[in-house]
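Residue-level structural notes
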Amino acid sequence: LVYQTLSPFGTGRTGIIAEVGVAMPSPMEEKMKAMLALNARGGKEEKSMVPQESALVLSEGNPQAGTRGPEASWDTVGQTEMVPQGRRSRNAGMHTIEIYFPQFYFTQVDMEEFDAKPDRYGPTVIGKYTKGIGQVEARFPSDDEDPISFAMTVVHRLLERMEAKGINETGNYMPNGQPLSVWNAIGRIDIGTESITDRSKSMKSFIMDIFERYANESNIEGVDQYNACYGGQACGLCTLSWVESDRWDGRYGIAVATDISEAHPGFMAFVGAATTAALFFPDAPMCHHSQRASCVLHRFDFCKPVGWHDMAPITDGKYSVECYLDALDACHSTLRQKLNGRGPLEVTDLNVFHTGGGYHIVRKAFERLVRAENRGIKPDEKERLLQEKLMPSVSLLKIIGPCHTVSSFLNTASTIMNKMEQALGKIILVFTYGSGCAASMYQMRVDDVPFFDPYEIWKLQFYRNAIKVTPEESVPLHHYYVQTWMKFDYFPQGRRSCKVSLWKYEEDVYYLMQIDKFGRRFYHRGGLSTGPMDPSLKLPVDKAEERPSRESWGPVLVRPEEKQKAISSSKEERFKEIEYTMAFGDTEEARFEEISEVTDRYNPNQKVTIRKAIEREITLEPDGDSHSYQILGTWSGRSPEEMTCEDGAWSFEITIGENRWESFYLTQDNDTEKRIVPNVSKATKEAVPVGPLSTGPKHEWLLDCRARVNVPEEQVGLPGDKYRVTFRWDKLKEISWEKLDAERAEVSQGKYYLTGPFNEWNLVEMQVDTTGPRRRRKGWFSTEVQVSTLAMEFCVVRNEDFTQTIHPEVLPGQKVSQHSAICGPDDGEGTWKIEDLPGAVYKIFFFRDPEDCEASCMRIDWKKVEEVPKAPATEAAKKTTE
């Protein structure tokens, strides 16, 4: 290795070069040596030391390089824009805010349980992160992302969205009225951060690599704004001032705020990470409005000294909050004076506050201003103001976490996404703060619906590629990032070490691939999941500076073909899915609820219906309380009968009736709203027991004892045989039955009823019939019915139970008669039909052999017992006859 030290002295920028070890063999290292020597000579060139292949020559082969050829220099970049100077803009402000967030997240409830362990902080932390600080989730990266990769990703995504959605109004300010290409439509980019990786080279220069590759564009003003938390708003105000100035050239400005609120293993609850890119231009939907006030003081509440051994700052948490509130009071007082004594809260509709450590700071700041403007306010009125003015701004904060310079942009986006059309004409008050300390308070007016998706739609994107991890998994995964501080000659390894699949990389996200021995950082879009860069995007400088290519970071893998989702082999997961479907259904309507319908911001003629997944919890395990269980079956008309408990199992003995089958279900605590049923109808004991349920299909188990192909031999029985049904619920519910050998009981004969359209499906009991020679045999039943204007169609029902219906077999093209085959008892359909004039009386007979339950031994018959009564003759008819 070669260690180099450059120490400039005085105005001449002289320096000392110290070399230890062998000479540098690499051409790139020779070039860096020459650069250091050039600085030591005060900037005077020696032609012999300048490489023949200049890094500043533009690519001949780049199809997006426009008309510039290989001889073009950087001095000619931007000349094709022909934008006139001196044009003033009006109503400048933000048109949209692009947001990027890393994939990994955990819930604060899980983190509380993790930190409550004796080897961490103990049970006192329960409720601290959720109820105390007010957080719900937190996002964090591993070591393959940093604030630079965040910034590159958010700008590239913003430009792609502008191109896809047609967000480009530069034509309104061009002499020819034609809009510039999106890649040439950006005139200024400022980056605000407190997470610098280089004390000299700006993060902005990394973003310019994208513009150079995609459009050979370099005429873009701005660099980095560095300050704790306030750096983001500082770059936003700089970009706004540029758009409002007489040097504005008709192009968009972008203010990027990028930071990672890193956390050591003991403080993972306070992690957070995000990046925003705010798009500034005239005639803005969110234009800056009225007055603003600032407060900048010299304080040591928070700092990151050069050479400090850790990525984390030196901070005094309590004192930092005091400085925050002091700056808040100062800005509020100054702005109130500029507003002629009117309170800033009084004249605004929505409020955005900088987030230091969580929602609790935001709430404290809001309540402080409320008291400052209305000391006698009542608690219920204060709560109303909080819900109306503040709460729309904290939706993103609660699920992302604190993220330094990004905070106020994130909360502004939350406000707009929650309110959308409802924000039109409203005034937003923004307070932004950074330790050290610097703060500003300003107002924005919502003149149009900005280019945002409603919050419900945005959340779909938020969780689409998200990777939820446990607190135990999050600690080592994020600690790899914390350890990248002052690293050289380093390759990220967090995902590999924590066994995160390479195929979970997002293809439109930039990832850190390498930090070389000089501290130079190299990034690749898509990480290891994508292949080499498109050759058309390569630059001569890649070779001149010996920038590593994708191939140098490992083999290019072939993405496996997506396979159909495999059925889980876990019995618990399968039971849970079945139980969920039974309880709530498997349709889209059962799994999602409609939230609202909104107009597409990019296509006003299109409506978007927003639905969200209904979060329901299914528990397979018993609740631990004492319960009783009842069985309801066909043998008792489904009247509940208590099951007997022994050794944690509930059982009941069934006597098989004349059908040679019985069906049943269970209830818990004698409550019909707590049914335990199988997942399929006419279920065997292999079916999955589901419940207790109050909704869903009313399936039943079928104890079939007939000699059938699908009936096990040991289960076959005759009327009078006894069976024991057993229900257990240890971890999963189980139901079974067994035949009790050598145990029999008397079987009572069922009752039979006639029903059908002729009597609107009411049940008419059929009486035992012993008249006539053939009916002296046991098993005959009969009843008389009169034909009415309703269709004389009927079937027979056993024991008033329509699941025990006896009906004819209906064959296509064949008429049903007394001689048709008989089916049942079951839940089938079909009716016999008697065709006659209204008034005729028929006696209907039904026979079932008590010795043989099969349908083939049943009979149905009818005969006419009374003719249609004759109508009485009229007087005119009598005279005619005479």
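What you see is a predicted model, and the numbers here were worked out from it, not measured in a lab.

Each value, and the rule that gives it
- Residues numbered from 1 in each chain as written.
- Predicted model: local features only at pLDDT ≥ 70, side-chain atom pairs only at ≥ 80, totals over all residues.
- Heavy atoms only, no water.
- Helix = DSSP H or I, 4+ residues; strand = E, 2+ residues; numbered from the N terminus.
- Buried < 20%, exposed > 50% of the residue type's maximum accessible area, 1.4 Å probe, protein only.
- Contact = heavy atoms within 4.5 Å.
- Areas by Shrake-Rupley, 256 points an atom, 1.4 Å probe, with all protein chains shown as cover.
- Axes fitted to C-alpha atoms, helices over the stretch in contact; angles between N-to-C directions.
- Parallel < 35°, antiparallel > 145°, perpendicular 65-115°, else oblique.
- Nonpolar A, V, L, I, M, F, W, Y, C, P; charged D, E, K, R; others polar.
- Salt bridge = Lys/Arg side-chain N within 4 Å of Asp/Glu carboxyl O.
- Phe/Tyr/Trp six-rings, centres within 6.5 Å; stacked < 30°, edge-to-face > 60°.
- Lys NZ or Arg CZ within 6 Å of the ring centre and 35° of its normal.
- Pairing = 2+ DSSP bridges.
- Expected span 1.5 Å × (residues − 1).

Some remarks on the overall build of the protein
Of regular secondary structure, the protein possesses 18 helices and 38 strands. Split into buried and exposed, the 882 residues of the protein put 49% on the buried side. Expressed as a percentage of contacts within the protein between residues at least 6 apart in sequence, the contacts between residues at least 24 apart total 68%. Carbon together with sulfur atoms contributes 50% to the accessible area of the protein, which is approximately 43,800 Å² in total.

Looking at the packing of helix 2 (residues 108-115) against helix 13 (residues 471-482)
Packing of helix 2 against helix 13 brings their axes to within 9 Å, and their N-to-C directions diverge by 90°. Between helix 2 and helix 13, the angle is such that the two are roughly perpendicular. On the side of helix 2, the interface is formed by Asp110, Met111 and Phe114, while helix 13 contributes Pro471, Glu472, Ser474 and Val475. Its residues assigned to classes, the contact of helix 2 with helix 13 comprises 4 nonpolar, 1 polar and 2 charged.

Here's the deal with the environment of serine 414
With respect to the helices and strands, serine 414 occurs in helix 11 (residues 407-419). On the basis of relative accessible area, serine 414 is assigned to the buried category, the value being 0%. Those residues in contact with serine 414, other than ones at most four positions away along the chain, are Pro392, Ser393, Val394, Ser395 and Leu396.

Brief notes about the pattern of salt bridges
Counted under the stated rule, the structure contains 40 salt bridges. When the shortest N-O distance is used, the salt bridge between aspartate 836 and lysine 864 registers 2.9 Å. With aspartate 836 in the loop between strand 36 (832-833) and strand 37 (841-848) and lysine 864 in strand 38 (residues 858-866), this residue pair connects regions lying 28 residues apart in the sequence. Salt bridges here are not isolated pairs; linked through shared partners, they connect Asp209, Arg213, Asp542, Glu545 and Arg547.

A look at the packing of aromatic side chains
Scanning all chains against the criterion turns up 35 aromatic pairs. Ring geometry for tyrosine 629 against tryptophan 650: centres 4.6 Å apart, planes inclined by 70°, an arrangement best described as edge-to-face. Residue tyrosine 629 is located in strand 19 (residues 629-633), and its partner tryptophan 650 is located in strand 22 (residues 649-655); the two are separated by 21 residues in the primary sequence. Judged by its relative accessible area of 14%, tryptophan 650 is buried. Ring centres of tryptophan 635 and phenylalanine 652 lie 6.1 Å apart, and the angle between their planes is 20°; this geometry places the pair in the stacked category. You can see tryptophan 635 sitting in the loop between strand 19 and strand 20 (641-642) and its partner phenylalanine 652 sitting in strand 22, a full 17 residues away along the chain. Overall, tryptophan 635 belongs to the partly exposed group, its relative accessible area being 25%. For phenylalanine 652, a relative accessible area of 15% translates into the label buried. Three or more aromatic residues joined by ring pairs make a cluster, and in this case those are Tyr100, Phe101, Tyr105, Phe150, Tyr455, Trp458, Phe462 and Tyr463. Directly above the ring of tryptophan 729 sits lysine 733, whose terminal nitrogen or CZ lies 4.4 Å from the centroid.

What about the sheet that holds strand 21 (residues 644-646)?
Pairing within the open sheet is antiparallel, and its 4 strands lie in the order 21-22-27-28. For this open sheet the edge positions go to strand 21 and strand 28 (733-744), each flanked by a neighbour on one side alone. Each adjacent strand pair in this sheet contributes to an overall mean axis angle of 30°, direction not counted. Bridge count between strand 21 and strand 22: 3 bridges; the pairing is antiparallel. Its bridge partner being in strand 22, glutamate 646 is matched across the sheet by alanine 649.

Let's talk about the pairing of strand 22
Between the antiparallel neighbours strand 21 and strand 22 lie 2 residues, among them aspartate 647 with a positive phi of about 55°. Examined bridge by bridge, strand 22 and strand 27 (residues 721-729) share 7 bridges and lie antiparallel to one another. Directly across from serine 651, in strand 27, lies its bridge partner threonine 726.

Structural notes on the side chain of serine 320
Note on placement: serine 320 falls in helix 7 (residues 317-338). Other than its neighbours up to four places away in sequence, serine 320 contacts Asp301, Thr315, Tyr433 and Ser435.

Some words on helix 6 (residues 231-244)
Each α-helix turn comprises 3.6 residues. Residues three or four places apart therefore point the same way. The end-to-end C-alpha distance of helix 6, which contains 14 residues, comes to 20 Å, matching closely the 20 Å that a straight helix rising 1.5 Å per residue would cover. Along helix 6, the residues classified as buried are Gly231, Gly232, Gln233, Ala234, Cys235, Gly236, Leu237, Thr239, Leu240, Trp242 and Val243.

Points about the sheet that holds strand 2 (residues 104-107)
Where strands meet in a sheet, backbone hydrogen bonds hold them as pairs that are either parallel or antiparallel. With mixed pairing, the 3 strands of this open sheet are ordered in space as 3-2-14. With partners counted over all chains shown, the strands left at the sheet margins are strand 3 (137-140) and strand 14 (467-468), one partner each. The pairing of strand 2 with strand 14 spans 2 bridges and is classified as parallel. Residue pairing for strand 14: phenylalanine 104 is matched across the bridge by isoleucine 467. Here helix 2 sits on the sheet and contacts strand 2, strand 3 and strand 14; the angle it forms with strand 2, its principal contact strand, is near 70°.

Considerations on the environment of tryptophan 780
Its location among the elements puts tryptophan 780 in strand 32 (residues 780-786). The exposure class assigned to tryptophan 780 is buried, which follows from its relative accessible area of 6%.

A few points about helix 7
Helix length check: helix 7, at 22 residues, gives a terminal C-alpha distance of 32 Å against a target of 32 Å (1.5 Å per residue), a fit within 8%. Among the residues of helix 7, those classed as buried are Ser320, Cys323, Tyr324, Leu325, Ala327, Leu328, Cys331, His332 and Leu335. In this fold, the buried residues of helix 7 make contact with strand 8 (286-296), strand 10 (314-315), strand 11 (350-353), helix 8 (359-373), strand 12 (427-434) and strand 13 (438-446). Note on helix 7: the residue one or two positions beyond its end, asparagine 340, has a positive phi of about 60°.

Considering the side chain of serine 529
Along the chain, the position of serine 529 falls in the loop between strand 16 (521-525) and helix 15 (540-544). In this view, serine 529 contacts Leu502, Trp503, Tyr505, Glu507 and Arg559; residues no more than four positions away in its chain are not counted.

As for unusual backbone geometry
Geometrically, the link from glycine 436 to cysteine 437 is a cis peptide bond, its omega value of 0° lying close to zero. Here the bond from glycine 824 into proline 825 is cis, since omega is -5°, no more than 30 degrees from zero. Secondary-structure assignment places proline 825 in strand 35 (residues 822-826). Even without a glycine there, the phi angle at aspartate 489 is positive, about 50°. Structurally, aspartate 489 is set in the loop between helix 13 and helix 14 (494-497). Taking the relative accessible area as the measure of exposure, aspartate 489 reaches 52% and is therefore exposed. The backbone of asparagine 670 sits at a positive phi, close to 60°, despite the residue not being glycine. Following the sequence through the fold, asparagine 670 ends up in the loop between strand 23 (661-668) and strand 24 (671-678).

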